[in-house]
Amino acid sequence: MITNPLLRLERRLSPEALALIQRAGALAAKGRLRIYLVGGVVRDVLMNRPSADLDLVVEGNAIGLAGSLARESNGRLVIHRRFGTAKIRLGSLNVDLAMARAETYARPGALPSVQPGSIQDDLARRDFTVNAMAIRLERGGFGQLVDPFGGQADLDNRLIRVLHDRSFIDDATRMLRAVRYEQRFGFRLEPDTEKLLRRDVGMLRSISGDRIRHELEMMLGEEQPEKALKRAGELGLLAEVHPALEGNGWLAEVFRKAREAAAPQTVALYFALLTYRFKETQCEDFTHRLKTPGPVSQAVRDTARLRQQLPSLAQPCLAPSAVFELLQGYSLASIQACAIATDSAVVRERLTLYLTRWRRVRTGLDGSALQKMGVPAGPELGRLLKELRDAKLDGRIVTREDEIELVQRWLSQGR
Ligand code: ATP
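Residues numbered from 1 in each chain as written. Predicted model: local features only at pLDDT ≥ 70, side-chain atom pairs only at ≥ 80, totals over all residues. Heavy atoms only, no water.

Novice: Please explain the overall build of the protein as it appears in this structure.
Specialist: Of the regular secondary structure elements, the protein holds 22 helices and eleven strands. If one aligns the C-alpha atoms of the protein with their principal axes, the spans along those axes are about 90 × 50 × 35 Å. Counting every atom, the protein has about 19,800 Å² of accessible surface; 50% of that belongs to carbon and sulfur. Both charge centroids of the protein, one from 63 positive and one from 51 negative side chains, sit 2 Å from each other. (Helix = DSSP H or I, 4+ residues; strand = E, 2+ residues; numbered from the N terminus. Areas by Shrake-Rupley, 256 points an atom, 1.4 Å probe, with all protein chains shown as cover. Lys, Arg positive; Asp, Glu negative; His and termini not counted. Charge placed at Lys NZ, Arg CZ, Asp CG, Glu CD.)

This is the structure in structure tokens:
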């Protein structure tokens, strides 16, 4: 079906983006090339949603066209010759240009082999009908929708539908993408697509840890990641990623609390909450399987260890210095995760005080000040600094003068 979404383009794109695609269209017409806006931005424009970046596909030499476009618009150009792609950065606008490609998959889970192709080929290799539409940009055809798979009808009917029966076999990450879009837009999986997904759930095992992690990170980047996680749990996708992974109601509650606590929503914190109920060995399996980067692995591992320490944080009359001592070796994300997920109000309060106040407590006197006062360098100096910090944490001293007095007392006792 070809309709004219021109008005929507003009309404939804920023003036900079609109000017850029018009310039791209003029350049393409001059070079007798066809150029299209494709993928998520087309879907968003048709849904009247804001869309950040532009994806352009050229039938022909995309890199040459990207060079001219970057020059004419004063953008910064980065070329990936091997992939036949280029990126232009223009202020806050990111534009990806690629040559139209046809893809074939040698085996499930493998990366596809790619040849130059038409826009139809390029759309046919995409994940869902709603993501497989293009808008023509060259002068003469500007604004025409190319929709070979009925994407617009699926948008109207709020459906996520694959393009063919082998889609999830070719690339099982699409199953995670399907629930992410379904939940983001409040759509449903089209019934046959859901059947195929249930049939092919096990194919997720053919996907490398890096690619699964990337899709999970995309899920965690959604406004309410718990929705997609819950659905992924119901469909059996999470269990394929790791048998202990659940997307149940508890997770929704802690993710909501994480947002309410306005904790910086680092990926590490979300991963720590995702694996909060894991045993230590399960955490190791998980980080190993997903090849999580250092800080995330640390957060997951620390959370499992810290959970075991939480009962000692519930003891009555625990001085702030004792809490500090116990927590200082743990990553912040793991402490945040425990503060959010613990059932104990006392523990939560202590973890929160550590995060918001105690960990920032600094003494007025540092090592060199102590040496100037006559404290010899060495382990004693370290002990005295810690004593000062503990005294400050516990409110036994407040001002710099208090600190000086404590050091003098310490020296006069010949310690
Ligand atoms: P989002 O709003 O999540 O960024 P997007 O559609 O722009 O959505 P990208 O991940 O940037 O998402 O992908 C761009 C386009 O590339 C998609 O719209 C889709 O057409 C295609 N695509 C991405 N991943 C796949 C995949 N695994 N299989 C097939 N097509 C894909």
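Novice: It is not clear to me how the domain arrangement of the protein should be interpreted in this structure. Could you clarify?
Specialist: For the protein, the assigned domains are domain 1 (1-152), domain 2 (158-241), domain 3 (249-358) and domain 4 (367-412). For domain 1 versus domain 2, the distance between C-alpha centres works out to 24 Å. The interface is formed by 20 residues belonging to domain 1 together with 21 residues belonging to domain 2. Between domain 1 and domain 2 lies a buried interface of about 1,600 Å² when both sides are counted; carbon and sulfur atoms form 62% of it. Contact with domain 2 buries area across many residues of domain 1, yet Tyr 105, Asp 127 and Phe 128 alone supply 35% of it, more than any other trio. Summed over the shared surface of domain 1 and domain 2, the number is one salt bridge. When the shortest N-O distance is used, the salt bridge between Arg 177 and Asp 127 registers 2.7 Å. Counting the contacts that link domain 1 with domain 2 gives three residue pairs in polar contact (both at pLDDT 80 or more). Every element with two or more residues in the side of domain 1 that touches domain 2 is listed here: α3 (40-46) and α5 (119-124). Residues belonging to the side of domain 1 that touches domain 2 are distributed by class as follows: eleven nonpolar, three polar and six charged. (Domains from an automatic or database assignment. Contact = heavy atoms within 4.5 Å. Buried area = accessible area lost by both parts, 1.4 Å probe. Salt bridge = Lys/Arg side-chain N within 4 Å of Asp/Glu carboxyl O. Polar contact = N/O pair within 3.5 Å; in protein donor to acceptor, adjacent residues only side chain to side chain. Nonpolar A, V, L, I, M, F, W, Y, C, P; charged D, E, K, R; others polar.)

Novice: Just to check I follow, could you spell out helix α10 (residues 209-220) for this structure?
Specialist: Since one α-helical turn is 3.6 residues long, residues separated by three or four positions face the same way. With twelve residues, α10 extends 16 Å between its outermost C-alpha atoms, agreeing within 8% with the 16 Å of an ideal straight helix rising 1.5 Å per residue. Listed in full, the buried residues belonging to α10 are Gly 209, Ile 212, Arg 213, Glu 215, Leu 216, Met 219 and Leu 220. Buried positions in α10, seen along its axis, are confined to an arc of 160° and lie on one side of it. Lining the buried residues of α10 we find α8 (173-185), α11 (225-234), α12 (237-241), α13 (249-260), α14 (267-274) and α15 (280-290). (Expected span 1.5 Å × (residues − 1). Buried < 20%, exposed > 50% of the residue type's maximum accessible area, 1.4 Å probe, protein only. Arc of directions from axis to C-beta.)

Novice: What is the right way to look at the site of the ligand in this model?
Specialist: Among the 15 residues in the neighbourhood of the ligand, the closest are listed as Arg 43, Arg 126, Asp 171, Arg 174 and Arg 184. Within the side chain of Arg 43, one N or O atom sits 3.0 Å away from an oxygen atom of the ligand. Contacts to the ligand include Tyr 181, whose side-chain N or O atom sits 3.1 Å from an oxygen atom. With the chains in place, 71% of the 600 Å² that the ligand exposes on its own is no longer accessible. Of all the secondary-structure elements, those providing two or more residues to the shell around the ligand are α3 and α8. (Near = heavy atom within 4 Å.)

Novice: What is the right way to read the environment of Arg 307 from this model?
Specialist: Inspection of the secondary structure puts Arg 307 in helix α16 (residues 294-313). As a C-alpha pair, Arg 307 and Tyr 276 span 31 residues in sequence and 8.3 Å in three-dimensional space. The contact partners of Arg 307, leaving out residues within four places of it in the chain, are Tyr 276, Arg 277, Phe 278 and Cys 338.

Novice: Just checking my understanding: could you explain the pairing of strand β5 (residues 93-99) for this structure?
Specialist: For a regular strand, side-chain orientation follows a simple rule: the groups alternate between the two sheet faces. Two elements, strand β2 (residues 54-59) and β5, share five bridges in a ladder whose sense is parallel. Across the sheet, Leu 54 pairs through a bridge with Val 95, a residue of β5. Two elements, strand β4 (residues 85-90) and β5, share six bridges in a ladder whose sense is antiparallel. Bridging from a neighbouring strand, Lys 87 pairs with Asp 96 of β5. The turn joining β4 and β5, which pair antiparallel and follow one another in sequence, is formed by two residues; a positive phi near 60° is taken by Gly 91. (Pairing = 2+ DSSP bridges.)

Novice: Can you walk me through the pattern of salt bridges in this structure?
Specialist: Oppositely charged side chains may form a pair once their charged atoms are brought near each other. Applying the stated criterion to the full structure yields 38 salt bridges. The partner of Asp 200 in a salt bridge is Arg 199, and the shortest N-O contact between them spans 2.7 Å. Here Lys 386 makes a salt bridge to Asp 390, at a shortest N to O gap of 2.6 Å. One end of the pair, Lys 386, and the other, Asp 390, are both in helix α21 (residues 379-393), four residues apart, so they sit about a helical turn from each other. Of the residues examined, Lys 386 reaches a relative accessible area of 32% and is grouped as partly exposed. What you see here is one network of salt bridges that share partners, running through Asp 127, Arg 177, Arg 180, Arg 184, Glu 215 and Glu 222.

Novice: Explanation requested: the pairing of strand β1 (residues 34-38) in the structure shown.
Specialist: A large share of β1 lies buried, amounting to four of its five residues. Pairing of β1 with β2 involves four bridges; the strand directions are antiparallel. Residue pairing across strands places Ile 35 opposite Val 58, the latter belonging to β2.

Novice: Is there a simple way to think about unusual backbone geometry in this case?
Specialist: Excluding glycine, residues mostly have negative phi values, and the peptide bonds linking residues are mostly trans. The backbone of Arg 32 sits at a positive phi, close to 55°, despite the residue not being glycine. Judged by relative accessible area, Arg 32 falls into the exposed class, the value being 77%. A positive phi angle, near 45°, is found at Lys 291, a position not held by glycine. Examined against the element boundaries, Lys 291 turns out to sit in the loop between α15 and α16.

Novice: Any chance you could explain the nonpolar core here in plain terms?
Specialist: In summary, soluble globular proteins display a tendency toward joint burial of nonpolar side chains. Counting residues in hydrophobic clusters, the biggest one holds 107 residues, and the most contacted among them are Leu 13, Ile 21, Leu 37, Leu 54 and Leu 237. Among all residues touching Ile 21, those that are not within four sequence positions of it are Leu 9, Leu 13, Leu 37, Leu 54, Leu 56, Leu 137 and Phe 142. Grouped together as the second largest cluster of nonpolar side chains are twelve residues, Leu 365, Leu 381, Leu 406 and Val 407 included. (Core = buried A, V, L, I, M, F, W, Y, C linked by side-chain atoms within 4.5 Å.)

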